[in-house]
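Commentary on secondary and tertiary structure
Residues per chain, in single letters:
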Amino acid sequence: MAHGSAGEDNPVALNVAPMVDIIFCLCIFFMCSFHFKQLEGKLESWLPKKGREGRPDVFVLEEVRITMTWDASTQTVIRRIGGQTYPGDAELVGTIQSRLETKRKFEPGAAAIIDAMPDVPWKDVIKVLDLCKSSKIESVELAAPMPVK
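How each quantity is defined
- Residues numbered from 1 in each chain as written.
- Predicted model: local features only at pLDDT ≥ 70, side-chain atom pairs only at ≥ 80, totals over all residues.
- Heavy atoms only, no water.
- Pairing = 2+ DSSP bridges.
- Helix = DSSP H or I, 4+ residues; strand = E, 2+ residues; numbered from the N terminus.
- Contact = heavy atoms within 4.5 Å.
- Axes fitted to C-alpha atoms, helices over the stretch in contact; angles between N-to-C directions.
- Phe/Tyr/Trp six-rings, centres within 6.5 Å; stacked < 30°, edge-to-face > 60°.
- Buried < 20%, exposed > 50% of the residue type's maximum accessible area, 1.4 Å probe, protein only.
- Right-handed = clockwise from strand over helix to strand, strands pointing away.
- Expected span 1.5 Å × (residues − 1).
- Arc of directions from axis to C-beta.
- Salt bridge = Lys/Arg side-chain N within 4 Å of Asp/Glu carboxyl O.
- Core = buried A, V, L, I, M, F, W, Y, C linked by side-chain atoms within 4.5 Å.

Observations regarding the sheet that holds strand β4 (residues 112–116)
Strand order in the open sheet formed by five strands is β3-β2-β1-β4-β5, and the pairing between neighbours is mixed. Each edge of the open sheet carries a strand with a single partner, namely β3 (84–85) and β5 (140–142). Across three bridges, the pairing between β4 and β5 is parallel. Counted as the bridge partner of I114 is L142 from β5. In the packing of helix α3 (residues 122–134) onto the sheet, contacts are made with β1 (64–71), β2 (76–81), β4 and β5, and the angle to β1 comes to roughly 150°.

What to know about the packing of aromatic side chains
Going through the model one piece at a time under the given rule, you end up with one aromatic pair. Seen from their ring centres, F29 and F30 are 5.4 Å apart, and the 65° between their planes marks the pair as edge-to-face.

Observations concerning the pairing of β4
Looking along a regular strand, one sees side chains alternate from face to face of the sheet. With four of five residues buried, β4 lies mostly within the body of the structure. Taken together, β4, α3 and β5 form a β-α-β motif whose crossover is right-handed.

Observations regarding the pairing of β1
Relative to β4, β1 is paired through five bridges, and the arrangement is parallel. What sits directly across from V64, in β4, is A112. With six bridges joining them, β1 and β2 adopt antiparallel strand pairing. Among the inter-strand pairings, W70 is bridged to a residue of β2, identified as V77. Between β1 and β2, which pair antiparallel one after the other, the connecting turn spans four residues, and Q75 there sits at a positive phi close to 55°.

So, helix α2 (residues 89–106)
Here α2 is 18 residues long and its end C-alpha atoms lie 27 Å apart, about the 26 Å a rise of 1.5 Å per residue gives. Within the span of α2, buried status applies to L92, V93, T95, I96, L100 and K103. Projection of α2 onto a plane perpendicular to its axis shows the buried side chains occupying an angular sector of 160°, all on one side. Among the exposed residues of α2, those pointing more than 90 degrees away from its buried face are A90, E101 and K105. Buried positions along α2 lie against β1, β2, β4 and α3.

Some thoughts on the pattern of salt bridges
In total, this model carries five salt bridges according to the counting rule given. In this structure, the salt-bridge partner of E63 is R65, at a minimum N-O distance of 2.7 Å. Close ionic contact of R79 with D89 constitutes a salt bridge, the shortest N to O distance being 2.9 Å. Of this pair, R79 sits in strand β2 while D89 is found in helix α2, placing the two residues ten residues apart along the sequence. Taking the relative accessible area as the measure of exposure, R79 reaches 8% and is therefore buried.

A look at the environment of I66
In this structure, I66 sits in strand β1. With 30 residues separating them in the primary sequence, I66 and I96 have C-alpha atoms 8.4 Å apart. The residues touching I66, leaving out its near neighbours within four places in the chain, are R80, I81, L92, I96, A112, I113, I114, D115 and V128.

As for the nonpolar core
Grouped together as the largest cluster of nonpolar side chains are 18 residues, with contacts concentrated most on I66, M68, L92, I96, L100, I114 and V128. Only β1, α2, β4 and α3 provide two or more residues apiece to this core. Excluding residues that lie within four positions of it along the chain, L92 makes contacts with I66, R79, I81, Y86 and V128.

Pasting the structure below:
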């Protein structure tokens, strides 16, 4: 049977070789130009190289948090900064000022934080706030109250 005869099922002969070549070239082009999204990002860190030869020590300064708790047995407020208890007003203010001065060298907007437990009377919280303000400690924050269980 010859090409183009009337008895054939497909009367029009198509040459698909150029179309396959073009599709193949497009696939190679898109594969080469495709950029994969990075699933893991770079993490910048200051790891020591060997001992202390790398970056000098960086001080991690604790926040200046005045923790106030109520002692039910003595009916008094216990004021702490870190692990140290301060019953007197002068020692408390002096410690707040010295710690804030040190912290503000590295973090200019540092503030003292008053963290009072829910059972502490408000008059004692206001007293510590007044001590800070009268000692020229202008940036004082109140911590969010603990949720009631």
